[in-house]
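Breakdown of the fold
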Amino acid sequence: VYSQNEVRQDCAEKFSLLDVGGQVKYVKTPPSASNHGDHNACIVRYAENAVTSDILELAYLSGRLSRFRVDPLLPVGSFEKLYMTWIANTLDRAPMAAVDTFYAEGSVVGMITSEWTNRTCSIGLLAVHPSHQGLGIGTQLLQHVERLCSDNNIPSLEVKTQLSNTKAQ
C-alpha cells in the first residue's frame, strides 16, 4: 500500500500493515569523459551464464534493507528468490544491462548492476563485501558506471533506494 499521507497507527495495526519505508530516486548527469579518471583493472564485466554463489551473496547483501527482506508477511524465501531472479534477468538483458564486479585478492568483493536505454542508465544493485567496505570500492564501482555512461553518450544516471537506507543515500 502506498500513500501520500501518513497512515494512522491504529489503522496500520488493524490491518497488520508494516511501514517498510518509501523510496527515493537520485538522478545526475554523468561527468564528461575527461573528468572520470583512469579505468580500474579490478573491475570486470561478469560473463558467467549462471549466477555464482559469490555474486548471489553480494546481491543479498545489497538488499539487506529491502522491503522484501523486512516484511514478515512475505513468504519465507521471497527475498532470496526475487534477488536471484533480479541478477539472472540482468544477465539475460545483456548487452543493455550488466553486472560489473570488483576483484581483490582473487575474489569478487563488490558488484554493481546497471541497465540502460539510449537516454538513461539505472543502477539496480550495489554491494561490497563487509570485509572490504570503507576502502572506496563502492565509489569505484559507481565511477565505473559513470564512465560507461559518458563513453556511450548516456546523459542521465539514476539510482533508487529505500528511505530507510541512509548509508546508500
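Placed above this text is the structure.
Here's a quick rundown of the structure. Everything numeric here is computed off the predicted structure, so don't read it as measured data. The residue numbering used here restarts from 1 in each chain and proceeds along that chain's sequence as written. Thresholds applied to this predicted model are a pLDDT of at least 70 for local features of residues and 80 or more for the giving and counting of side-chain atom pairs; totals over whole chains, interfaces and linings are not thresholded and use all residues. As a rule here, side-chain values come from all non-hydrogen atoms in the structure, and water together with hydrogens is ignored.

1. Things to note about the overall build of the chain
Going along the chain from the N terminus, every DSSP run of H or I of four or more residues is numbered as a helix, and every run of E of two or more is numbered as a strand. Helices and strands together make up the secondary structure of the chain, namely five helices and six strands. For the chain, the α and β elements follow one another from N to C terminus as α-β-β-α-α-α-β-β-β-α-β. With the principal axes as the frame, the chain shows a C-alpha extent of 55 × 35 × 30 Å. Partly exposed describes any residue whose relative accessible area lies between the buried limit of under 20% and the exposed limit of over 50%, with all areas from a 1.4 Å probe on protein chains only and scaled to the type maximum. Burial analysis of the chain (169 residues in total) assigns 33% to the buried set. Each accessible area value is a Shrake-Rupley result obtained with a 1.4 Å probe; residue values ignore everything except the protein chains displayed when judging cover. When the accessible area of the chain is evaluated, it comes to approximately 10,500 Å², of which 53% is carbon and sulfur surface. The centroid of the 14 positive side-chain charges in the chain is displaced by 6 Å from the centroid of its 17 negative side-chain charges. When charges are tallied, Lys and Arg are placed among the positive residues and Asp and Glu among the negative ones, while His and the ends of the chain are skipped. Charge positions come from single atoms, namely NZ of Lys, CZ of Arg, CG of Asp or CD of Glu.

2. Some thoughts on the sheet that holds strand E5 (residues 120–128)
Taken in spatial order, the six strands of this open sheet run E1-E6-E5-E4-E3-E2, and their pairing is mixed. Only two strands of the sheet have a single partner each, and these edge strands are strand E1 (23–28) and strand E2 (43–45). With strand direction ignored, the average angle separating the axes of adjacent strands in the sheet is 30°. Between any two strands, pairing holds if DSSP finds at least two bridges. Judged from the three bridges that link them, E2 and strand E3 (residues 97–104) form a sheet pairing that is antiparallel. Looking across to E3, one finds that Ile-43 is bridged to Phe-102. Interaxial angles span 0 to 180 degrees and are taken between N-to-C directions of axes, which are lines fitted to C-alpha atoms, for helices over the stretch in contact.

3. Some thoughts on helix H5 (residues 137–151)
Here a helix's expected span is defined as the number of its residues, less one, multiplied by 1.5 Å. Given a rise of 1.5 Å per residue, 15 residues ought to cover 21 Å, and the 21 Å separating the end C-alpha atoms of H5 matches this to within 8%. Burial in H5 covers these residues: Ile-137, Gly-138, Leu-141, His-144, Val-145, Glu-146, Arg-147, Cys-149 and Ser-150. Contact definition: two residues touch when any of their heavy atoms are within 4.5 Å. Its buried side turned inward, H5 meets E1, E2, E3, strand E4 (107–116), E5 and strand E6 (156–162). Positive backbone phi, approximately 55°, marks Asn-153, located one or two places after H5.

4. Structural notes on the packing of aromatic side chains
Here the aromatic set is Phe, Tyr and Trp, taking the six-membered ring for Trp, and pairing holds for ring centres within 6.5 Å; pairs whose planes are under 30 degrees apart are stacked, those over 60 apart are edge-to-face, and all others are tilted. Considering all chains together, one arrives at three aromatic pairs under this definition. Centroid distance Tyr-60 to Phe-79: 5.8 Å. Interplanar angle 45°. Geometry classified as tilted. Highlighted residues: Tyr-60 in helix H2 (residues 53–62) and Phe-79 in helix H4 (residues 78–92), separated in sequence by 19 residues. Seen in terms of ring centroids, Phe-79 and Tyr-83 are 4.6 Å apart; in terms of plane orientation they differ by 40°. Their pairing is tilted. With Phe-79 and Tyr-83 both in helix H4, this residue pair falls four residues apart, about one helical turn. Taken individually, Phe-79 and Tyr-83 each receive the classification buried, so the pair is uniform in this respect.

5. Some remarks on H4
In a regular helix each residue adds 1.5 Å, so 15 residues correspond to 21 Å; H4 covers 21 Å between its end C-alpha atoms and thus fits that length. All of the buried residues along H4 are Phe-79, Tyr-83, Ile-87, Thr-90 and Leu-91. Along the axis of H4, the buried positions cluster into a sector of 105°, meaning they face one direction only. Across from the buried face of H4, at angles greater than 90 degrees, the exposed residues are Lys-81 and Asp-92. Considering only its buried residues, H4 is in contact with H2, helix H3 (67–70), E3, E4 and E5. As used here, the arc belongs to the directions running from the helix axis to the C-beta atoms.

6. Observations regarding the state of the cysteines
Any two cysteine sulfur atoms within 2.5 Å of one another count as a disulfide. For the coordinates displayed, the defined rule picks out zero disulfides. Cys-149 supplies the cysteine sulfur nearest to Cys-121, a cysteine that is in no disulfide, at a spacing of 3.8 Å. Its relative accessible area of 1% is what places Cys-149 among the buried residues.

7. Considerations on the environment of Val-7
Mapped onto the elements of the fold, Val-7 is located in the segment before helix H1 (9–14). Judged by relative accessible area, which is 38%, Val-7 ranks as partly exposed. Here the alpha-carbon distance between Val-7 and Trp-86, two residues 79 residues apart in the chain, equals 30 Å. With residues near it in sequence (within four places) discarded, Val-7 still touches Ala-12 and Leu-17.

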